[in-house]
Amino acid sequence: QVQLVESGGGLVQPGGSLRLSCAASGRIYSINAMGWYRQAPGKERELVARITSDGRANYADSVQGRFTISRDSPKNMGYLQMESLKPEDTGVYYCNADIIIPDSRRDCWGQGTQVTVSS
């Protein structure tokens, strides 16, 4: 069984920073793309950032220049560094990964971590 677990969420003031982590565990052969999504109350889940296995990253326009996605492939870890946070960044942040396991492939999601930006 493959599992993704996010951590690092919390309450932060506008202009502050947070670093989210995503740990993948289980019988993992390799991980293709990893991504971070968020869902604000009453809104649909949206892509925040995505990184390929060779390190190419893309970002939502709303976070470009403020957020940085990265990964540590040997450790099966993903990260989202968030700077200059705004109230509109509030939401539940989910990690997603395209994981190759022996003889199969899984599109995995974590349980989410709450990020609240408020004074």
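Just so we're clear, the structure is a prediction, and the values are computed from it rather than from any experiment. (Residues numbered from 1 in each chain as written. Predicted model: local features only at pLDDT ≥ 70, side-chain atom pairs only at ≥ 80, totals over all residues. Heavy atoms only, no water.)

Chemist: Sorry, what's going on with the pairing of strand β10 (residues 104-109) here?
Modeler: The sheet contact formed by strand β9 (residues 91-101) and β10 spans 6 bridges and is antiparallel. From the neighbouring strand, Asp-98 faces β10, where its bridge partner is Asp-107. (Pairing = 2+ DSSP bridges. Helix = DSSP H or I, 4+ residues; strand = E, 2+ residues; numbered from the N terminus.)

Chemist: What is the right way to look at the environment of Met-77 in this model?
Modeler: Looking at the element boundaries, Met-77 is found in strand β8 (residues 77-82). Given the relative accessible area of 17%, Met-77 is considered buried. For the pair Met-77 and Thr-116, spaced 39 residues apart in sequence, the C-alpha to C-alpha distance is 23 Å. Beyond its immediate stretch of four places on either side in the chain, Met-77 contacts Ser-21, Cys-22, Ala-23, Met-34, Arg-71 and Asp-72. (Buried < 20%, exposed > 50% of the residue type's maximum accessible area, 1.4 Å probe, protein only. Contact = heavy atoms within 4.5 Å.)

Chemist: I tried to follow the sheet that holds β8 on my own but got confused; where do I start?
Modeler: Within a sheet, adjacent strands bond to each other through the backbone by hydrogen bonds, running parallel or antiparallel. Read across the open sheet, the 4 strands follow the order β1-β3-β8-β7; overall the sheet is antiparallel. Both edges of this open sheet fall to β1 (3-7) and β7 (67-72), since each of them pairs with a single strand only. The sheet shows a mean angle of 15° between the axes of neighbouring strands, direction not considered. Alignment of strand β3 (residues 18-25) against β8, held across 6 bridges, turns out to be antiparallel. Note on β8: the bridge partner recorded for Ser-21 is Tyr-79. (Axes fitted to C-alpha atoms, helices over the stretch in contact; angles between N-to-C directions.)

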